[in-house]
Amino acid sequence: MIAQRLTFRAAAQLRTPAVRSTVQRRFASTETAFSRERRHVKEHAGESTQLWRKISLYGVPPAILLASLNAYNLWNEHWEHWSHMPPLDERTEYAFQNIRVKSYTWGDGDKTIFWNSKVNYHNKDKVA
């Protein structure tokens, strides 16, 4: 019992701030391979963070702008091509297009959910 008390008191004395700071200072003054590696990893992480920050701020916006211009030009070319095609009601309608087994439950029952009147055409009476 007395040995436990003495051990407890000695441990409590080691936990005092003066003793603890001395011990920490002594161990912190020696630089080990592990601490050098940790310091190197921190420095590298900081450099990598700055690199990706610069790429994000100065590289991504011009890339998005160029991609947007390219998409806009392709969009206009596509609709320019469509303006040279014959009107929708003059195009050939093949049997495999617009197959209807039963009417849809929405609208007039003939158009799908994704129907686009500028592109899609279906004449129930006209089948090739």
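So, how was this worked out
- Residues numbered from 1 in each chain as written.
- Predicted model: local features only at pLDDT ≥ 70, side-chain atom pairs only at ≥ 80, totals over all residues.
- Heavy atoms only, no water.
- UniProt positions renumbered as here; feature names shortened; annotations may be inferred.
- Helix = DSSP H or I, 4+ residues; strand = E, 2+ residues; numbered from the N terminus.
- Buried < 20%, exposed > 50% of the residue type's maximum accessible area, 1.4 Å probe, protein only.
- Contact = heavy atoms within 4.5 Å.
- Areas by Shrake-Rupley, 256 points an atom, 1.4 Å probe, with all protein chains shown as cover.
- Salt bridge = Lys/Arg side-chain N within 4 Å of Asp/Glu carboxyl O.
- pLDDT = per-residue confidence, 0-100.
- 1 Å grid on protein atoms, 1.4 Å probe; cavity = no way out; pocket = protein on both sides within 12 Å on 5 of 7 lines; lining within 4 Å.
- Points joined across faces, edges and corners; volume = space filled by probe spheres on them.
- Phe/Tyr/Trp six-rings, centres within 6.5 Å; stacked < 30°, edge-to-face > 60°.
- Patch = residues over 30% accessible without salt bridge, like charges linked within 9 Å, V, L, I, M, F, W, Y side chains within 5 Å.

The protein has the name Cytochrome c oxidase subunit in an unreviewed UniProt entry, where Cercophora scortea is given as its organism. UniProt lists a comment for the protein under the heading Subcellular location (unreviewed entry), and it reads "Mitochondrion inner membrane".

Draft legend 1. How the structure looks around the overall build of the protein. For the protein, the helix and strand inventory stands at 3 helices and 0 strands. When the helices and strands of the protein are read in sequence order from the N terminus, they spell out α-α-α. Looking at the protein residue by residue over its 128 residues, the buried ones come to 6%. Pairs at least 24 residues apart make up 50% of the contacts formed inside the protein by residues separated by at least 6 positions. With an accessible surface of roughly 11,600 Å², the protein has 62% of that area assigned to carbon and sulfur atoms.

Draft legend 2. Geometry of the pattern of salt bridges. Across all of its chains, the model carries 2 salt bridges by this definition. Between Arg39 and Glu31 there is a salt bridge whose closest N-O contact spans 2.7 Å. A salt bridge links Arg39 to Glu43; the nearest nitrogen and oxygen atoms lie 3.7 Å apart. Highlighted residues: Arg39 and Glu43, both in helix α3 (residues 33-83), separated by 4 residues, approximately one helical turn. Among the residues examined, Glu43 registers a relative accessible area of 41% and is labelled partly exposed. Through salt bridges that share partners, Glu31, Arg39 and Glu43 make up one connected network.

Draft legend 3. Local environment of the confidence of the model for the protein. Residues with a pLDDT of 70 or more make up 78% of the protein, whose mean pLDDT is 81. No element of the protein has a lower mean pLDDT than helix α2 (residues 17-29), which averages 63, and none a higher one than α3, which averages 94.

Draft legend 4. Expanded view of the layout of surface pockets. By volume, the largest pocket amounts to about 210 Å³. Taken together, Leu88, Arg91, Thr92, Glu93, Gln97, Asn98, Val119, Asn120 and Tyr121 form the lining of the largest pocket.

Draft legend 5. Broad picture of the packing of aromatic side chains. Taken as a whole and judged by the stated rule, the model has 2 aromatic pairs. Here Trp75 and Trp79 contribute two aromatic rings whose centre-to-centre distance is 5.8 Å and whose plane-to-plane angle is 70°, an arrangement assigned as edge-to-face. Note that Trp75 and Trp79 are positioned in helix α3 at a spacing of 4 residues, about one turn of the helix. According to the relative accessible area criterion, Trp79 is partly exposed, its value standing at 28%. For the pair Tyr104 and Trp106, a centre-to-centre distance of 5.1 Å together with 20° between the ring planes defines the contact as stacked.

Draft legend 6. How the structure looks around a nonpolar patch on the surface. Together, Leu51, Trp52, Ile55, Val60 and Ile64 line one region of the surface with nonpolar side chains, adding up to about 490 Å² of accessible area. Counting through the fold element by element, Leu51 comes out in helix α3. With a relative accessible area of 48%, Leu51 lands in the partly exposed category.

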